Amino acid sequence: MASHLDQRRQLDLLFLVDAVMSLLFGVGAMLTPHGVLQMILGGYNHDAHEVLRLYGCLRIAMGWIIYHMRSVDDGRFRRSVCEALFICYLLQAVAVLRAQFTDRKNFVNWIAIILLTIIGSCYGTFRYGKGGNLIKVYELPQSNKTIR
């Protein structure tokens with residue numbers, strides 16, 4: 001029983017770290033000045049700035065949702081969230097990796113690739129580690145009748 005509580009605390013800590021980082025990144029992306037983008041991109045691009053701000057909005061929303069996931073007790077839902085975030089972060093890492101090798105090389109891409117891969121792998125460990133049993137699911141017996 002203690003190991004399941006420890007795993008729950010570790011997943012809650014991962015949710016907390018992800019939520020805080022998402023909120024910080026989201027606010028930073030929303031408030032990024034033109035000059036910083038000019039320095040990173042080698043010139044200002046209004047469309048890129050708009051996409052960055054929209055992604056910032058998404059990260060703020062994701063941070064809020066993930067922060068509140070810590071209080072959810074439904075093991076199946078927590079597994080599904082871990083699975084979705086695992087896939088989401090790894091797909092983002094692949095997208096940034098592709099950009100790194102097909103567009104201008106950028107040190108920021110490497111930082112993003114490393115961070116996205118690490119956090120995606122953490123979610124993958126919780127979802128698929130030990131045969132997918134790191135997140136405990138408690139099921140109550142149900143009758144054969146469908147509840148409507």
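Residues numbered from 1 in each chain as written. Predicted model: local features only at pLDDT ≥ 70, side-chain atom pairs only at ≥ 80, totals over all residues. Heavy atoms only, no water.

Undergrad: How should I be thinking about the overall build of the protein in this particular structure?
TA: Scanning the protein from N- to C-terminus turns up five helices and zero strands. Per-residue burial for the protein yields a buried fraction of 28% across its 148 residues. Once local pairs closer than 6 in sequence are excluded, the contacts in the protein between residues at least 24 apart make up 71%. When the accessible surface of the protein is split by element, carbon and sulfur atoms take 67% of a total near 10,100 Å². (Helix = DSSP H or I, 4+ residues; strand = E, 2+ residues; numbered from the N terminus. Buried < 20%, exposed > 50% of the residue type's maximum accessible area, 1.4 Å probe, protein only. Contact = heavy atoms within 4.5 Å. Areas by Shrake-Rupley, 256 points an atom, 1.4 Å probe, with all protein chains shown as cover.)

Undergrad: Looking at this structure, I do not really get the nonpolar core. What am I missing?
TA: Side chains of nonpolar character tend, in soluble globular proteins, to be buried together. Counting residues in hydrophobic clusters, the biggest one holds 19 residues, and the most contacted among them are Leu11, Phe15, Cys82, Leu85, Tyr123 and Phe126. The set of elements that each furnish at least two residues to this core consists of α1 (2-31), α3 (46-69), α4 (75-102) and α5 (107-128). Broken down by element, this core gets its largest block of residues, six residues, from α4. Non-local contacts of Phe126, meaning those with residues more than four positions away in its chain, are made with Gln7, Gln10, Leu11, Leu14, Cys82, Leu134 and Ile135. (Core = buried A, V, L, I, M, F, W, Y, C linked by side-chain atoms within 4.5 Å.)

Undergrad: Help me understand the packing of aromatic side chains, please; the structure alone is not making it clear to me.
TA: Each aromatic ring pair is described using two quantities: the centre-to-centre distance and the angle formed by the ring planes. Under the counting rule described, the total for this entry stands at five aromatic pairs. Measuring from ring centre to ring centre gives 5.8 Å for Phe25 and Tyr55, while their planes differ by 75°; the resulting arrangement is edge-to-face. Residue Phe25 is found in helix α1, and its partner Tyr55 is found in helix α3; the two are separated by 30 residues along the sequence. Judged by relative accessible area, Tyr55 falls into the partly exposed class, the value being 27%. Here the aromatic rings of Tyr89 and Tyr123 are separated by 6.1 Å at their centres, their planes lie at 0°, and the arrangement is stacked. (Phe/Tyr/Trp six-rings, centres within 6.5 Å; stacked < 30°, edge-to-face > 60°.)

Undergrad: Would you mind showing me how to read the pattern of salt bridges here?
TA: One side chain can pair with another of opposite charge once the charged atoms of both are near each other. What the rule picks out here adds up to six salt bridges. Arg78 is the partner of Asp12 in a salt bridge, and the nearest nitrogen-oxygen pair spans 2.7 Å. In this pair, Asp12 is assigned in helix α1 and Arg78 in helix α4, connecting sequence segments 66 residues apart. We classify Asp12 as buried; its relative accessible area is 15%. Where Arg59 meets Asp18, a salt bridge forms, and the shortest distance between an N and an O atom there is 3.8 Å. In this pair, Arg59 is assigned in helix α3 and Asp18 in helix α1, connecting sequence segments 41 residues apart. Among the charged side chains, a salt-bridge network with shared partners connects Arg8, Asp12, Asp73 and Arg78. (Salt bridge = Lys/Arg side-chain N within 4 Å of Asp/Glu carboxyl O.)

Undergrad: Got a minute to help me understand the packing of α3 against α4 in this structure?
TA: The relative placement of two packed helices comes down to the angle between their axes together with the axis-to-axis distance. Direction vectors running N to C along α3 and α4 enclose 150°, while the axes themselves pass 12 Å from each other. For the element pair α3 / α4, the angle class is roughly antiparallel. When the axes of α3 and α4 are compared, the crossing they make is left-handed. Here Tyr55, Arg59, Met62, Ile66 and Met69 of α3 come into contact with α4, specifically with Phe77, Arg78, Val81, Leu85, Tyr89 and Gln92. For the contact of α3 with α4, the class distribution of residues is eight nonpolar, one polar and two charged. (Axes fitted to C-alpha atoms, helices over the stretch in contact; angles between N-to-C directions. Parallel < 35°, antiparallel > 145°, perpendicular 65-115°, else oblique. Left-handed = near helix turned anticlockwise from the far one by under 90°. Nonpolar A, V, L, I, M, F, W, Y, C, P; charged D, E, K, R; others polar.)

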